[in-house]
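# Coordinate analysis (summary)
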Amino acid sequence: MLQLNIKNETSRLQAVVLGIANSNGPTPTVNETYDPKSLEHILAGTYPKEADMIPEMEAFNQVFEKYNVTVFRPQIIENYNQIFARDIGFVIDDVFIKSNILPDREREVEAIQYVIDQINPSKVAIPPEEVHIEGGDVMLWNDYIFIGTYKGSDYKDYITARTNIEGVQFIKELFPNKKVKEFDLIKSKIEARDNALHLDCCFQPVGENKAIIYKRGFREEADYLFLVNLFGEENLFHITRKEMYHMNSNVFSIDTNVVVSEKKFTRLNKWLRGNGFIVEEIPYAEIAKQEGLLRCSTLPLIRE
């Protein structure tokens, strides 16, 4: 059995589910898109090709091999996008929580059922139907659980609004000893530069006391200031609107001093190295065209 253990975003990684780009299927139609960035690239004729995404994911897998991380991959579903494993489930402490994701993507969960079968059934939580929650919105920081949500009255009209307030309440009840803090995120159906699809699109901790943040990703300044006060202004790397668009906050930590990052994130990677991090640079710009990057592609199971 897998002994799950995830308490934060940066402790030494031991086991992870990494998505897969093989048999990714044809370019979606305009009506099949879930986010404005994918739509933008479909309309421009620049939507990523499977042949370009497979090497990017393999580069990520090779970094995991370098650090002796156990990697599980989804079983391949023919002509189906299975890149973003973070959307379909996540772990808090020793509990695997199945995301209530968009109905069209339910098959993605079936593709990692062989992993779920290795978890104690009493440690697998399935939210009720009214709860919407996705792993990209759930971020652990020791005693804290940060959750991205959208509190607008037009929630049901926004396919980019992935985690509702019922999802926040579900986590609060499941983990009564944790400090659960929700963040109301900016959403846009038409402009990817103004759309924080998940919390990890505008914020992510790195190391033991630092974080990457995009101020305008938060609808309420008080939410942004909460993080400034918690981490300290001097420990935050503020990204620009353009850097948020390119997913600079969506890097992935293998250890407190090891961060996997996109090789084109020049300013961020320089800051990380200047703060003592080992930066494992890989190409991931094609996958980024689907409004997801390194953290989105992973579902961590065990950290030290």
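Criteria and cut-off values
- Residues numbered from 1 in each chain as written.
- Predicted model: local features only at pLDDT ≥ 70, side-chain atom pairs only at ≥ 80, totals over all residues.
- Heavy atoms only, no water.
- Phe/Tyr/Trp six-rings, centres within 6.5 Å; stacked < 30°, edge-to-face > 60°.
- Helix = DSSP H or I, 4+ residues; strand = E, 2+ residues; numbered from the N terminus.
- Buried < 20%, exposed > 50% of the residue type's maximum accessible area, 1.4 Å probe, protein only.
- Lys NZ or Arg CZ within 6 Å of the ring centre and 35° of its normal.
- Contact = heavy atoms within 4.5 Å.
- Core = buried A, V, L, I, M, F, W, Y, C linked by side-chain atoms within 4.5 Å.
- Pairing = 2+ DSSP bridges.
- Axes fitted to C-alpha atoms, helices over the stretch in contact; angles between N-to-C directions.
- Salt bridge = Lys/Arg side-chain N within 4 Å of Asp/Glu carboxyl O.

This paragraph deals with the packing of aromatic side chains. What the rule picks out here adds up to 14 aromatic pairs. Aromatic side chains phenylalanine 60 and tyrosine 284 sit 5.7 Å apart centroid to centroid with 85° between the ring planes, which places their arrangement in the edge-to-face category. Highlighted residues: phenylalanine 60 in helix α2 (residues 50-66) and tyrosine 284 in the loop between β14 (278-282) and α9 (285-288), separated in sequence by 224 residues. Using a relative accessible area of 0% as the deciding quantity, one classes tyrosine 284 as buried. Aromatic side chains phenylalanine 146 and phenylalanine 183 sit 5.6 Å apart centroid to centroid with 75° between the ring planes, which places their arrangement in the edge-to-face category. With phenylalanine 146 in strand β7 (residues 144-149) and phenylalanine 183 in strand β8 (residues 179-184), this residue pair connects regions lying 37 residues apart in the sequence. Taking the relative accessible area as the measure of exposure, phenylalanine 146 reaches 0% and is therefore buried. Note on phenylalanine 183: relative accessible area 0%, which makes it buried. Of the aromatic side chains, those joined through ring pairs into one cluster are Trp141, Tyr144, Phe146, Phe183, Phe203, Phe218, Phe226 and Phe231. Over the ring of tyrosine 80 we find arginine 107, and its NZ or CZ is 4.7 Å from the ring centre. The ring of tyrosine 245 carries arginine 193 above its face, with NZ or CZ at 4.0 Å from the centroid.

Excluding glycine, residues mostly have negative phi values, and the peptide bonds linking residues are mostly trans. Of note, serine 23 is a non-glycine position whose phi angle comes to about 50°, a positive value. Mapping serine 23 onto the fold places it in the loop between β1 (13-18) and α1 (36-44). On the accessibility criterion, serine 23 (14% relative accessible area) is buried. Even without being a glycine, methionine 247 presents a positive backbone phi close to 75°. Its place among the elements puts methionine 247 in the loop between α7 (241-245) and β12 (252-255). Residue class for methionine 247 comes out buried when judged on its relative accessible area of 2%.

Take α1 next. Among the residues making up α1, those that are buried are Pro36, Lys37, Ser38, His41 and Ile42. Buried residues along α1 sit against α7 and α9.

Our focus in this paragraph is the nonpolar core. Residues Phe60, Phe64, Phe146, Leu199, Phe203, Phe218 and Ile254 are the most contacted members of the largest nonpolar core, which totals 60 residues. The leading source of residues in this core is α2, at six residues. When sequence neighbours within four positions are dropped, the list of residues in contact with phenylalanine 203 reads Met139, Phe146, Ala211, Ile212, Ile213, Phe218, Leu227, Phe231 and Ser249. Listed in part, the 34 residues of the second largest apolar core include Ala15, Ile116, Phe175 and Ile302.

Next up on the list: the sheet that holds strand β6 (residues 138-141). The strand order across the open sheet built from three strands is β6-β7-β8, with neighbouring strands paired in mixed fashion. The outermost strands of the open sheet, each flanked by one partner alone, are β6 and β8. Averaged over all neighbouring strand pairs, the angle between strand axes comes to 20°, with direction disregarded. The strands touched by helix α5 (residues 165-174) within the sheet are β7 and β8, with β8 carrying the most contacts at an inclination of about 170°. Packing of helix α6 (residues 221-231) onto the sheet brings it into contact with β6, β7 and β8, and relative to β8 it is tilted by some 135°.

Inspection of the secondary structure puts glutamate 291 in the loop between α9 and β15 (298-303). Residue class for glutamate 291 comes out buried when judged on its relative accessible area of 4%. Not counting chain neighbours up to four residues away, the residues in contact with glutamate 291 comprise Asp35, Pro36, Lys37, Ala192, Asn195, Leu197 and Met247.

So, on to the pattern of salt bridges. Under the defined criterion, the tally for this structure stands at 16 salt bridges. A salt bridge links lysine 215 to glutamate 221, with the shortest nitrogen-to-oxygen separation between them at 3.5 Å. Judged by its relative accessible area of 39%, lysine 215 falls in the partly exposed class. Note that glutamate 243 and arginine 267 form a salt bridge whose closest N and O atoms lie 2.8 Å from each other. On the criterion of sequence distance, the pair formed by glutamate 243 in helix α7 and arginine 267 in helix α8 (residues 266-274) is long-range, its members being 24 residues apart. Looking at glutamate 243, the relative accessible area reads 14%, which means it is buried. For arginine 267, a relative accessible area of 41% puts it in the partly exposed group. What you see here is one network of salt bridges that share partners, running through Lys7, Asp93 and Lys178.

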